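Fold and contact review
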Amino acid sequence: MPTWKLTLEYDGTRYHGWQSQKNTDRTVQGVLIRAARELLGEDASTGGAGRTDAGVHAIAQVAHLKARKKMPEIEIARGLNDRLPFDVNVLGVEPAAPTFHARHDAVSRTYLYRFSRRRTAFDKRLVWWIRDPLDAAAMRRAAKLFEGRHDFASFCENAEGQASTAVVVEKSDIADLGHEIHFRIQASHFLWKMVRRLAGTLAEVGRGNLDEAGVVRLLETKSSEPAKWTAPPSGLFLERVTYPATPAALRRP
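Presented here is a report on the structure given in the accompanying data block. (Residues numbered from 1 in each chain as written. Predicted model: local features only at pLDDT ≥ 70, side-chain atom pairs only at ≥ 80, totals over all residues. Heavy atoms only, no water.)

Some details on the nonpolar core
With 77 residues, the main nonpolar core has Leu 6, Leu 65, Leu 80, Phe 115, Phe 152 and Phe 183 as its most contacted residues. It is helix α1 (residues 28–40) that provides the largest number of residues to this core, a total of eight residues. Excluding residues within four positions of it along the chain, Leu 65 makes contact with Pro 2, Thr 3, Trp 4, Leu 6, Ala 36, Leu 40, Ala 44, Ser 45, Thr 46, Ile 76 and Leu 80. (Core = buried A, V, L, I, M, F, W, Y, C linked by side-chain atoms within 4.5 Å. Buried < 20%, exposed > 50% of the residue type's maximum accessible area, 1.4 Å probe, protein only. Helix = DSSP H or I, 4+ residues; strand = E, 2+ residues; numbered from the N terminus. Contact = heavy atoms within 4.5 Å.)

Notes on the pairing of strand β1 (residues 3–10)
Counting buried positions over the eight residues of β1 gives seven, a clear majority of the element. Relative to strand β3 (residues 57–66), β1 runs antiparallel, the two sharing seven bridges. Counterpart to Thr 3 in the pairing with β3 is Lys 66. By the bridge criterion, eight bridges tie β1 to strand β4 (residues 88–96) in an arrangement that is antiparallel. Of the residues in β4, the one forming a bridge with Tyr 10 is Val 88. (Pairing = 2+ DSSP bridges.)

A few points about the pattern of salt bridges
Inspection of every chain in the model, using the stated rule, returns 16 salt bridges. Through salt bridges that share partners, Arg 114, Asp 123 and Glu 180 make up one connected network. (Salt bridge = Lys/Arg side-chain N within 4 Å of Asp/Glu carboxyl O.)

Details of the environment of Ala 63
Counting through the fold element by element, Ala 63 comes out in strand β3. Distance in space between the C-alpha atoms of Ala 63 and Phe 190 is 18 Å, their sequence separation being 127 residues. Not counting residues within four places of it along the chain, the set of residues in contact with Ala 63 comprises Trp 4, Lys 5, Leu 6, Leu 8, Trp 18, Leu 32, Gly 47, Gly 48, Phe 100 and Ala 102.

A look at the environment of Ala 163
Its place among the elements puts Ala 163 in the loop between β7 (148–151) and β8 (166–176). Looking at Ala 163, the relative accessible area reads 89%, which means it is exposed. Linking Ala 163 and Pro 232, residues 69 residues apart in sequence, is a C-alpha distance of 26 Å.

As structure tokens, this is what we get:
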């Protein structure tokens with residue numbers, strides 16, 4: 001069956017997350033599969049690299065698309081975009097091997113969280129505006145503490161329902177851009193609400209309410225504190241999905 005790798009961007013404000021749900025048709029995967037079936041037939045199926053939550057955005061979500069009908073990649077991209085709502089856009093379509101799976105074949109994901117130091121007329125849906133002064137240097141030092149292998153049970157929703165709450169974070173950093181502060185974090189996978197709780201914790205550090213020792217304590221002992229600091233979804237973006245350097249799964253058979 002022909003298989004394609006899609007790269008998409010979307011504003012998640014109006015959606016109940018990426019994944020299709022039985023009780024609503026307002027999901028990103030839901031509108032994508034509807035467009036795909038109109039274009040390629042009812043046997044079309046999709047899957048995404050990251051199951052972004054309600055209100056979360058994507059700069060470069062990756063999805064696989066499978067269908068029996070063959071069509072040039074440029075026509076698939078144009079056909080899908082003609083059928084998709086204004087806030088979901090296909091950036092590119094590439095041929096892939098039948099075994100390619102957007103989630104299982106990915107080796108890492110990078111998320112971006114945008115804090116705003118000022119009120120904005122244009123980006124309200126895409127940032128978390130914090131009125132309090134933020135110490136970006138302190139936030140950067142705290143963000144570096146997340147790197148490496150840690151048990152992120154304190155930062156996970158429903159930790160008891162997870163097979164493991166250990167995650168290896170490859171990179172975690174803060175960039176001070178003046179009116180915005182950007183938090184980027186890269187790992188092979190993330191726990192439910194993990195990035196938003198890490199972002200909320202960094203906001204507490206930036207405000208001066210939490211020091212580095214307090215962050216270390218949260219990493220070393222299970223605590224419910226980060227739950228009350230969960231950052232809003234508005235500032236969160238799936239920024240990049242990385243695949244193996246020799247992506248055999250992406251090649252044509």
